Amino acid sequence: MEEGKRVCALVVDDDRLSQRVHAALLRKYGILETEVVENGKEAVDLFKSGKTFDLVIMDLEMPVMDGSEATRELREMGVTSMIVGVTACEVEAEKAEFMRAGLDACWDKPLSGSAIIAMLDELAKKLL
Amino acid sequence: MATVGQLQKQFVDFSTSLYREFIQLQKLQDESNPDFVFEVVSLFFEDSEKLLNNLAIALQQQVVDFKQVDAHVHQFKGSSSSIGAHRVKNMCVAFRNFCEEKNLDGCLRCLQQINHEYCLVKNKLENVFRLERQILEAGGTIPLIA
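- You'll find chain A entered in an unreviewed UniProt entry as Response regulatory domain-containing protein, with Erythranthe guttata given as the organism.

In structure tokens form, the structure reads like this:
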């Protein structure tokens, strides 16, 4: 990551374990500012309140508002943040549908260190 | 009584017999997050036991709500894969198929098997923590797993 640029990330997941692990992974690779919310609606509300994030890690299956709907809404609002989907779902059609909602990439859960590195490389190119 | 070296070897053997996800969790632990693995695993135990209880109750209902059962299983699948409990995760995949078919017998069999697999994982993880404590009490350091 470019020095001097503090990257902010948002983890959107209803599973507390995934929240902890993904936040810790981001911190390990230098993303010191991370917020965590429990569903897509909370993520959309955060952006509507004026907050911005460089990177959003979006789970697919969540109560209240799922990842697909939240991603679609964020893109319709004009949000250009990098939104990366994560899912334990194994149905390819559902993953493809999730991508079509407006994701930049979709990864299988659980995220690994190499997945985070790949994401941050793409983010670095985007932020240049 | 086992020496520090013997305890450290047992620790490495147990840790490497768990999947790479668990080893990844150990790598996320550092001075700023010294109890990370213990906290995450404790969360897993807490959530799993709640989910297993909810599943047992849901499957005992007069009219089973398979959508609700599926939601619980999905949650269990996500958390078990984060911790590296692959056999539990694979059982959850089979369980979800039975939910889709609304096959109660299949679901009950899966629940029984998941309970068994969960007990095995819990036992393994508790052994890792026990060994960690014994190593530290004996004045040793916790080996880094590559």
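Moving on from the coordinates now.
## Thoughts on the overall build of chain A
Part 1 of the argument: The secondary structure content of chain A amounts to 5 helices and 5 strands.
Part 2 of the argument: Beginning at the N terminus, the succession of helices and strands in chain A can be written as β-α-β-α-β-α-β-α-β-α.
Part 3 of the argument: Taken over the C-alpha trace, chain A has a radius of gyration of 13 Å; the compact-globule value for 128 residues is 14 Å, and the two agree within 12%.
Part 4 of the argument: Across the 128 residues in chain A, those meeting the buried criterion constitute 50%.

## Let's talk about the nonpolar core
Part 1 of the argument: Of all hydrophobic cores here, the largest spans 60 residues; its most connected members are A:Leu55, B:Phe44, B:Val69, B:Phe76, B:Ile83 and B:Phe95.
Part 2 of the argument: Aside from chain neighbours lying at most four places away, what touches B:Phe44 is A:Leu17, B:Phe76, B:Ser79, B:Ser80, B:Ile83, B:Ala85, B:Tyr118, B:Val121 and B:Leu125.
Part 3 of the argument: If you look at the next biggest cluster of nonpolar residues, it comprises 21 residues, including A:Val12, A:Val44, A:Leu60 and A:Cys89.

## Observations concerning the UniProt feature "domain: Response regulatory" (unreviewed entry) in chain A
Part 1 of the argument: The UniProt record annotates "domain: Response regulatory" (unreviewed entry) at residues 8–124 of chain A.
Part 2 of the argument: A distance of 13 Å separates the end C-alpha atoms of residues 8–124 of chain A, which is 45% helix and 21% strand.

## Description of the environment of A:Thr52
Residues and elements named next belong to chain A.
Part 1 of the argument: Its location among the elements puts Thr52 in the loop between α2 (40–48) and β3 (55–59).
Part 2 of the argument: It is 7.9 Å that separates the C-alpha atoms of Thr52 and Ser81, two residues lying 29 residues apart in sequence.
Part 3 of the argument: Apart from the residues within four sequence positions on either side, Thr52 is in contact with Cys8 and Phe47.

## Focus: the interface of chain A and chain B
Part 1 of the argument: Tallying the contact residues gives 19 residues for chain A and 24 residues for chain B.
Part 2 of the argument: Around 1,900 Å² of area is buried between chain A and chain B when both sides are counted, 53% of it from carbon and sulfur atoms.
Part 3 of the argument: On the surface where chain A and chain B come into contact, there are 4 salt bridges.
Part 4 of the argument: The shortest N-O distance in the salt bridge between A:Glu61 and B:Arg96 comes to 3.4 Å.
Part 5 of the argument: For the pair chain A and chain B, the interface holds 6 residue pairs in polar contact (both at pLDDT 80 or more).
Part 6 of the argument: The greatest single-element share of the side of chain A that touches chain B, amounting to 9 residues, is contributed by helix α1 (residues 16–28) of chain A.
Part 7 of the argument: Looking at the side of chain A that touches chain B, its residues break down into 8 nonpolar, 3 polar and 8 charged.

## A few points about the pairing of strand β2 (residues 33–37) of chain A
Residue and element names in this part refer to chain A.
Part 1 of the argument: Sheet topology note: the strand β1 (residues 8–12)/β2 ladder contains 5 bridges and is parallel. The residue bridging Leu10 from the neighbouring strand is Glu35, located in β2.
Part 2 of the argument: Chirality of the crossover, the property in question, places the unit of β1, α1 and β2 among those that are right-handed.

Reading the values: rules and limits
- Residues numbered from 1 in each chain as written.
- Chains lettered and ligands numbered in written order.
- Predicted model: local features only at pLDDT ≥ 70, side-chain atom pairs only at ≥ 80, totals over all residues.
- Heavy atoms only, no water.
- Helix = DSSP H or I, 4+ residues; strand = E, 2+ residues; numbered from the N terminus.
- Rg over C-alpha atoms; globule rule 2.2 N^0.38 Å.
- Buried < 20%, exposed > 50% of the residue type's maximum accessible area, 1.4 Å probe, protein only.
- Core = buried A, V, L, I, M, F, W, Y, C linked by side-chain atoms within 4.5 Å.
- Contact = heavy atoms within 4.5 Å.
- UniProt positions renumbered as here; feature names shortened; annotations may be inferred.
- Buried area = accessible area lost by both parts, 1.4 Å probe.
- Salt bridge = Lys/Arg side-chain N within 4 Å of Asp/Glu carboxyl O.
- Polar contact = N/O pair within 3.5 Å; in protein donor to acceptor, adjacent residues only side chain to side chain.
- Nonpolar A, V, L, I, M, F, W, Y, C, P; charged D, E, K, R; others polar.
- Pairing = 2+ DSSP bridges.
- Right-handed = clockwise from strand over helix to strand, strands pointing away.

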